[in-house]
Structure formats: structure tokens, C-alpha cells
Amino acid sequence: MTQQNSVESAADAPALSPARVRFALLALALGGFGIGATEFVAMGLLPNLAADLIPGLYASDPAAANAQAGWLISAYALGVVVGAPTIAAAAARWPRKKLLLVLLTAFTLGTLASALLPTFGWVLAARFVAALPHGAYFGIASLVAASLMGPGKRARGVALVLSGLTISNVIGVPAITWLGQLAGWRVAYVAVAAIFALTFLAVLLSVPFQPGDKTATMRQELKAFGRAQVWFALGIGAIGFGGLFAVYSYVAPLVTEVTGLGASAVPLVLIVIGLGMTAGNFAGGWAADKSVRRSMFGFYAVMLVALLGLALTAQTVPGLLVFVFLVGGAAAALSPTIQTRLMDVARDSQSIAAALNHSALNIGNALGALLGGLAIAAGFGYVAPVWIGLGLTVLGLMIAVLSFSWDGLRRRRGEVLGYGTELIQTVNAR
């Protein structure tokens, strides 16, 4: 299956009314809204999770307990890393709507288990299991959205699905964080499970039937791992995106312990991050459709400036608000850019390519949370994760430079992107 055939044209898609198309796109974005809530609500409720699940350690050493509670974030991220390529490769031939419904069922049950299980160890396992459908959902939903949007709007289709996640950071995550602070973190996760159940109904009613790729095999999908540029693109996301999560994972103690605001300010700061992510997501989708290379380098530059500014001014309220907005915006703009890059270089392994982006980004999630937690536990303070994030972003940018330099070398030798001798003009143009 070629890249062109992997995203059906408007002519190939079922004839749908504009209202039905909008309803279907909103349903897909609602799934992203739920995923944003289940993934990011732990950041705002980290002290609550630590106090309830590891009370002895929290009573004696709150910083160490917060760092250990950060494992819940890493466990979710690792679940995404494992689940995204596995499910996408194994289920590439499934009808896309059927696969989306199965994934949403798994989200609902996994999130309920996170809310109901009694101990830290069991909740840790539940967060891993709940994350398994994450990357496959975004990957398949992005392909469906691109089909509904029509030719030439691939990155914008990706951005539209991701908009649910970014809008969740404006509305859902702060609201559910507030609910969790009032009623307990378990109630917060029950609310997230309800969002997934609602999404199941919306997808069932609105998304048209779309066949899977009947020619796809797991072997074909896994060919993506034999291409050097796929590994470069994964590295760009896995390392570079750690900059966001080093900050986001410990935003609650950053707000309360460094800036000196009360716990009630945490949801407001999350709203600011979410606004930045929402704006950045749409900017990234538009920019990536124009030029993936310029979009990637431009938004990485913004990310570096934002992290440096946050590290130097987090003690002040204006510095905190301005730079967390920019961190969220730059990171969200990079997401559709990296996903488009992956789809470019994976050629006929489109299902796994669309999902692998989320594996890469959640390696960044796990890495940022882990390194940030280690720095806090070592006594370097709650600004240390920001500096770690800056270092990870520099490494991500360096990988991007290597990747596009490799493109230039291949073009000069009559080969593009390291997978053959064909001259692919659409990729060359990028």
C-alpha cells in the first residue's frame, strides 16, 4: 500500500453530508479529549496520588513520594510505547471503525480499573494497561480524519484529532484536576472513564465504515523499522519531547514550591499550558502541510527559548505563565510535524507509522518524568526538571539536524530518505 493509497481521497470515501463529516471529526477529537484527560490528569493530582497510595513515604518525605508517584506517569507512557506498534501492526487489516470501538472499550475499562484498584502497585499496572490503546487510537483516528478531510490536508487532519487532546488540557484536565482535589483522585478517573464511554457512542453513531488495508501484513508494517529515517524520526520525538514532560510531570510542585502559589492555582496553570498546546497544535498542522523541515526547526527553536526562560523565571508568576504557555505551544506544534515526518518516511507502513509517533512521544513522556523525578529525589529541587527538559530538547534538535542532513546526502546521490533510489518529489519538496 502506498502512502497515497493509505489515506483515501474524498472520491474514495463514502458520500457524507458536511454535517455528518463534522460530527465524525468531533467524535474522533472527543477520543483525543479523553486521552488527554487520562494521560495528563495525574500531573495535576500527583501530590494527591502520592498521599493516598504511598502515605507512609509522603508523611516522611513528600518530595520522594512525589517522585515515586511520577512512576504512574512513566507507566502510562511505557504502555503507549508497547501498545502503539503492536496493535497497529496486528490490526492493520481490521475495519477502522471496528478497531476504534474496540480501543475505546479498552480505554473505558482500563481507566475504571485505575480508579478502583486499591494499592500503588495495582494502580501502576492499571495505568500501563490503560495506555495500550493510546497510540493505535490516535494513529487510526488520524488516518480516518485525513480521509474525511480530503487530499492535501493530511497534517491538518492529524492536528484535528490531536486538538481533542490539546483542548482537554484547556478544559478537561483542569476541570478534572479540580474535581480530584475536591472529591478525590479516584472520582477524577471515573469521570475520565465516562468520557471514553461517551466517545464510544459518538464514534458508533457518526464515523462511517472504512475498510482496513486488506493487503497489509504484520511483516509489511514492521518493515518501517528497517528504514534509518524512521529511527531518526522516532528519536526526534522520543528525546526531544522529553522537554515537555520533564516540566509537565512536576508542574504541581513547581507551582506550589517554586512560584509559591497555592494548590488552587495548579488548575489555572494547567489551563495556560492547555491554551498554548491548543494554539500550537493548529499552528503545527498548518506549518507542517507547508514544510515539515521548517516547521520542525522553527518550533524546536521556540521550545528551547521557552524552557530556558522558564528555568530562569519560574519563581515569578509572569515568568511561569508566559513560558509554560510557550512550552506547551511549541511541543504541541511539534506533534503533528513529527507524525507527518514519520508517515513520509515509513512509505507503505502507514498504520504503524501513524501510531509510532505516539510511542515516540511517550518515550519522551517516560524519560522526562523519570529523569525529572530522579533529579528531585537527588535534592536538586523542582526547577531541575526544567533544565533536564532543556537538555533533552537540544538532543532532539540535534537528531532532527542529522535526519534532514541525511535527506540532503541521499538526494545528492539520487536517493531519498534512505529507502531506495526513487525520486519522490513530494518528499523532496519538504
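Observations regarding the overall build of the protein chain
Thinking step 1. The number of helices and strands found in the protein chain is 20 helices and zero strands.
Thinking step 2. Within the protein chain, the proportion of its 430 residues that are buried is 60%.
Thinking step 3. Put simply, the protein chain shows about 15400 Å² of open surface, and 72% of that area lies on carbon and sulfur atoms.

Considering the pattern of salt bridges
Thinking step 1. Across all of its chains, the model carries one salt bridge by this definition.
Thinking step 2. When the shortest N-O distance is used, the salt bridge between R186 and D52 registers 3.9 Å. One end of the pair, R186, is in helix α10 (residues 185-206); the other, D52, is in helix α3 (residues 46-53), and 134 residues separate them in sequence.

Topic: the packing of helix α6 (residues 96-116) against α10
Thinking step 1. Relative to each other, α6 and α10 sit at 165°, their axes nearing to 8 Å. Here α6 is positioned roughly antiparallel relative to α10, judged by the angle of their axes. The interaxial crossing formed by α6 with α10 has left-handed handedness. For the pair α6 and α10, contact is made by K97, L100, L101, L104, T105, F107, T108, T111, L112, S114, A115 and L116 and by W185, R186, Y189, V190, V192, A193, F196, A197, T199, F200, V203 and L204, respectively.
Thinking step 2. Considered class by class, the residues forming the contact of α6 with α10 number 17 nonpolar, five polar and two charged.

Some remarks on empty space enclosed by the protein
Thinking step 1. Taken as a whole, this structure holds three cavities of 30 Å³ or more when the rule is applied.
Thinking step 2. Considered as a void within the structure, the largest cavity measures approximately 180 Å³ in volume.
Thinking step 3. Along the walls of the largest cavity sit 18 residues, with F40, L165, F241, S335 and L361 positioned nearest its centre.
Thinking step 4. Looking at the lining of the largest cavity, the elements that each hand over two or more residues are α2 (18-44), α8 (134-149), α9 (154-183), α13 (242-248), α15 (266-290), α17 (317-345) and α18 (350-377).
Thinking step 5. Of the residues in the lining of the largest cavity, the class split is eleven nonpolar, six polar and one charged.
Thinking step 6. Size it by volume and the second largest cavity reaches roughly 40 Å³.
Thinking step 7. For the lining of the second largest cavity, the elements supplying multiple residues, two or more each, are α2 and α5 (62-90).
Thinking step 8. Within the lining of the second largest cavity, the residues separate by chemical class into five nonpolar, one polar and two charged.

Thoughts on the environment of L356
Thinking step 1. Following the sequence through the fold, L356 ends up in helix α18.
Thinking step 2. Given a relative accessible area of 3%, L356 falls into the buried group.
Thinking step 3. With residues up to four places along the chain from it excluded, the contact list for L356 reads P85, F225, V230, L234 and L342.

About the thresholds
Just so you know, the residues in each chain are numbered from 1, in the order the chain's sequence is written. Only residues with pLDDT of at least 70 get local features here, since the model is predicted, and only at 80 or more are side-chain atom pairs given and counted; chain-wide, interface and lining totals rely on the full set of residues. The side-chain quantities take in all heavy atoms of the structure and omit both hydrogens and water. To qualify as a helix, a DSSP run of H or I must reach at least 4 residues; to qualify as a strand, a run of E must reach at least 2; elements of each kind are numbered from the N terminus. Residue exposure (1.4 Å probe, protein chains only): buried if accessible area is under 20% of the type maximum, exposed if over 50%, otherwise partly exposed. Each accessible area is a Shrake-Rupley estimate made with a 1.4 Å probe; only the visible protein chains count as cover when residues are assessed. The salt bridge definition used is simple: a Lys or Arg side-chain nitrogen within 4 Å of an Asp or Glu carboxyl oxygen. The convention used is that axes are lines fitted to C-alpha atoms, helices contributing only their stretch in contact, and that angles between N-to-C directions extend from 0 to 180 degrees. In these notes the angle categories are as follows: under 35 degrees is roughly parallel, over 145 is roughly antiparallel, 65 to 115 is roughly perpendicular, and the rest is oblique. By definition, turning the near helix anticlockwise from the far helix through less than a right angle yields a left-handed crossing, and turning it clockwise yields a right-handed one. In what follows, residue pairs with any heavy atoms lying within 4.5 Å of each other are defined as contacts. Residues are grouped as follows: Ala, Val, Leu, Ile, Met, Phe, Trp, Tyr, Cys and Pro are nonpolar; Asp, Glu, Lys and Arg are charged; all remaining types, including Gly, are polar. Think of a 1 Å grid over just the protein atoms. A cavity is a set of points where a 1.4 Å probe fits yet cannot get out, a pocket is an open set with protein on both sides within 12 Å along at least five of seven lines, and lining residues have an atom within 4 Å of a point. Grid points are joined across faces, edges and corners, and a volume is the space filled by probe spheres set on the points.

Fair warning: the whole summary comes from geometry, so function is off the table for now.
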